[in-house]
Amino acid sequence: MELYYLTAHQLHDMLIKKEISAEEITRAVFGRIEAVEDKIRAYVTLTRETAERQAREVDKSIAAGEKISPLAGIPIAIKDNMCTAGVRTTCASKILYNFVPPYNATVIERLNEALSVMTGKTNMDEFAMGSSTENSAFFTTCNPWDTDRVPGGSSGGSAAAVAAGETIVALGSDTGGSIRQPASYCGVVGLKPTYGSVSRFGLVAYASSLDQIGPITRDVTDCALVFNAISGHDPQDSTSAPYDQPDYTSYLTGDIKGLKIGVPKEYMGEGIDPAVREVIRETVKVFSGLGAQVEETSLPHSEYALPAYYLLATAEASSNLARYDGVRYGYRYKEAEDIVDMFMKTRSEGFGAEVKRRIMLGTYALSAGYYDAFYNQALKVRTLIKGDFDQAFEKYDLLLSPVAPGPAFKRGEKIADPLQMYMVDICTLSINLAGIPAISLPGGFVNKLPVGLQLIGKPFGEGDILRAAYAFEQSGARCCKLNLLQV
Amino acid sequence: MKITEQAVEQLALLSRLDLTAEDQTAHTKSINVILDYLDLLNKLDTSNVEPAAHVLPLKNVFREDRLQPSLAKELALANAPEEEAGAFKVPRIF
């Protein structure tokens, strides 16, 4: 197989055996980018020169006989909402089209310490608001499995790049499903970690109480390796959990005998494509065959998750996005009469329609007279949703569900109807409200398009998630191979 | 109809957004569709439920009161649309 389709752990083995060099890996990936990027459009910015220089540094370390980390010399694509010192960080928005951060996000610092090689910054829905990358101010990314379809979003560029061989691994961010849903649509693995387990320092904020950074990879082992590298306490993020993280590869044993898995019936009902339900039922058989105990359960407040999510996420967004005023960075409207005129015109020209809609909706939810009916009510519903999960986890180690109601949809199919687009996140966003971890794992196909299964864990239960995900992957029963697309 | 065009105009002003008449009409329509759906929340009796602003049991996260290096002025100003004498320059305020 071509180098650009291997996994990080396969490439690491080849590097330490000196069968290949890091520079060769980087050249193979950039060769692939040259060949397919016109059709996929995963990247907003490419960083080939610094990537090649970083790769040569890794080769020097190997030649000097130094022990290298599992991610050394491994190409990684970064969603364009994480600050990269000296490299443009746009959030796929006109308002940040020229923003060059003066510092690195903590995750970038950690990847640099691991000597991984950044390929570039990937496309997304503007400020991570969307489920298809169609809200990018620049262009829409295409799904490598069918280029007429969306890759999912908001981390669509990262998921498409991993699936198309335009990187080996990637980082995405997930506020309501933005790692897991594109991973499902593109047939790759995506982990939304427990809130607080990965530092948000340097992640451009959308909804601060929901946002988490996580890995998008081709297999579960790579997912554990990237998560090892980026997780852990960071004093620069006051919501970072002060816990020691274990070595997550130690959970990749393949043994899940006796593991208790619940399947919430609310996630298998109306609104979910029957073909997707069938895929999930098949995965249940696989888990049972591996020795897990699987049974139906209930999360009774599920139908309230979507409305609660949209109130809380937009309320937080309306506050977080107040900083884009044309004063300190980014786009500025130049002909303003006075400062308020400058604010208004800068923001009106700088933000896209969906971002404006969410800012206004959030402003509405927080305004006097509506605060109790909307915002406070949503916070109370959040308590109920978290309570549903707490109760389920008294009985089960993990929950199993679809990731999205269907496979990747066609470009233009949902963009005119915001509510229909929001429904795409129906199986993922309550996990963010509860702050718990969940993975999207290739589970099968519907009409030759990949469909993910979601494993949901207890707070800081990433170990159990990875254990079960790895056992499923290794069983090969429904293993969703890369399509090795000819684009 | 929960929200009128005039109310959306006011929301836009609060949000520091300058909408065209056409945008205002479109946003009023879509915000109303969304608000109708969000109303589902008010079917639920939550009188005995505490609100959850946050999911982690963290409070009062302090650090030691020690002097640390911060961003250099030139770097902080490097992205400024306009600067003068080491400060961000903006249009007149009145």
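What counts and how
Residues numbered from 1 in each chain as written. Chains lettered and ligands numbered in written order. Predicted model: local features only at pLDDT ≥ 70, side-chain atom pairs only at ≥ 80, totals over all residues. Heavy atoms only, no water. Helix = DSSP H or I, 4+ residues; strand = E, 2+ residues; numbered from the N terminus. Rg over C-alpha atoms; globule rule 2.2 N^0.38 Å. Buried < 20%, exposed > 50% of the residue type's maximum accessible area, 1.4 Å probe, protein only. Contact = heavy atoms within 4.5 Å. Areas by Shrake-Rupley, 256 points an atom, 1.4 Å probe, with all protein chains shown as cover. Lys, Arg positive; Asp, Glu negative; His and termini not counted. Charge placed at Lys NZ, Arg CZ, Asp CG, Glu CD. Buried area = accessible area lost by both parts, 1.4 Å probe. Salt bridge = Lys/Arg side-chain N within 4 Å of Asp/Glu carboxyl O. Polar contact = N/O pair within 3.5 Å; in protein donor to acceptor, adjacent residues only side chain to side chain.

(A) Structural context of the overall build of chain A. From N to C terminus, chain A includes 15 helices and 11 strands. The C-alpha radius of gyration computed for chain A amounts to 21 Å, which stays within 12% of the reference 23 Å derived for 487 residues, consistent with globular compactness. The dimensions of chain A, computed from C-alpha atoms along their principal axes, are 65 × 50 × 45 Å. Counting only residues that meet the buried cut, chain A has 68% of its 487 residues in that class. Across chain A, contacts joining residues at least 24 apart in sequence account for 76% of those joining residues at least 6 apart. Accessible area of chain A: about 15,800 Å², with a carbon and sulfur share of 48%. Charge separation in chain A, taken as the distance between the mean sites of 48 positive and 58 negative side-chain charges, equals 1 Å.

(B) Seen up close, the overall build of chain B. A count of helices and strands for chain B gives three helices and two strands. Helices and strands appear in chain B in the N-to-C order α-α-α-β-β. Relative to its length of 94 residues, chain B is extended, with a C-alpha radius of gyration of 23 Å against a globular reference of 12 Å. Principal-axis analysis of the C-alpha atoms gives chain B an extent of 50 × 45 × 20 Å. Considering chain B as a whole, with its 94 residues, one finds that 31% of them fall into the buried category. Sequence-distant contacts in chain B: of pairs separated by 6 or more residues, those separated by 24 or more amount to 35%. Within chain B, the 15 negative side-chain charges are centred at a point lying 5 Å from the centre of the 10 positive side-chain charges.

(C) Structural context of the environment of A:Pro246. Residue and element names in this part refer to chain A. Considering the arrangement of structural elements, one finds Pro-246 in the loop between α7 (220-230) and β7 (260-264). Look at Pro-246 and you get partly exposed, because its relative accessible area is 34%. Once the C-alpha coordinates of Pro-246 and Gly-463 are considered, the two residues, 217 residues apart in sequence, prove to be 8.4 Å apart. Sequence-distant contacts of Pro-246, defined by excluding residues within four places in its chain, comprise Asn-228 and Tyr-251.

(D) Spatial organisation of the interface of chain A and chain B. In this assembly, 66 residues from chain A lie in contact with 47 residues from chain B. Both sides of the chain A and chain B interface together cover about 5,200 Å² of buried area, and 72% of this is carbon and sulfur. Linking chain A with chain B are one salt bridge, by the criterion used here. Of the charged contacts, one joins A:Arg332 and B:Glu82 as a salt bridge, the two residues approaching to 3.1 Å between their closest N and O atoms. On inspection of chain A and its partner chain B, the count reaches 19 residue pairs in polar contact (both at pLDDT 80 or more).

(E) Focus on the environment of A:Arg411. Residue and element names in this part refer to chain A. Mapped onto the fold, Arg-411 is located in the loop between β9 (398-402) and α13 (418-423). In this structure Arg-411 comes out as partly exposed when scored by relative accessible area, which is 36%. Not counting residues up to four positions away in its chain, the partners in contact with Arg-411 are Glu-134, Thr-140, Cys-142, Thr-147, Asp-148, Arg-149 and Val-150.

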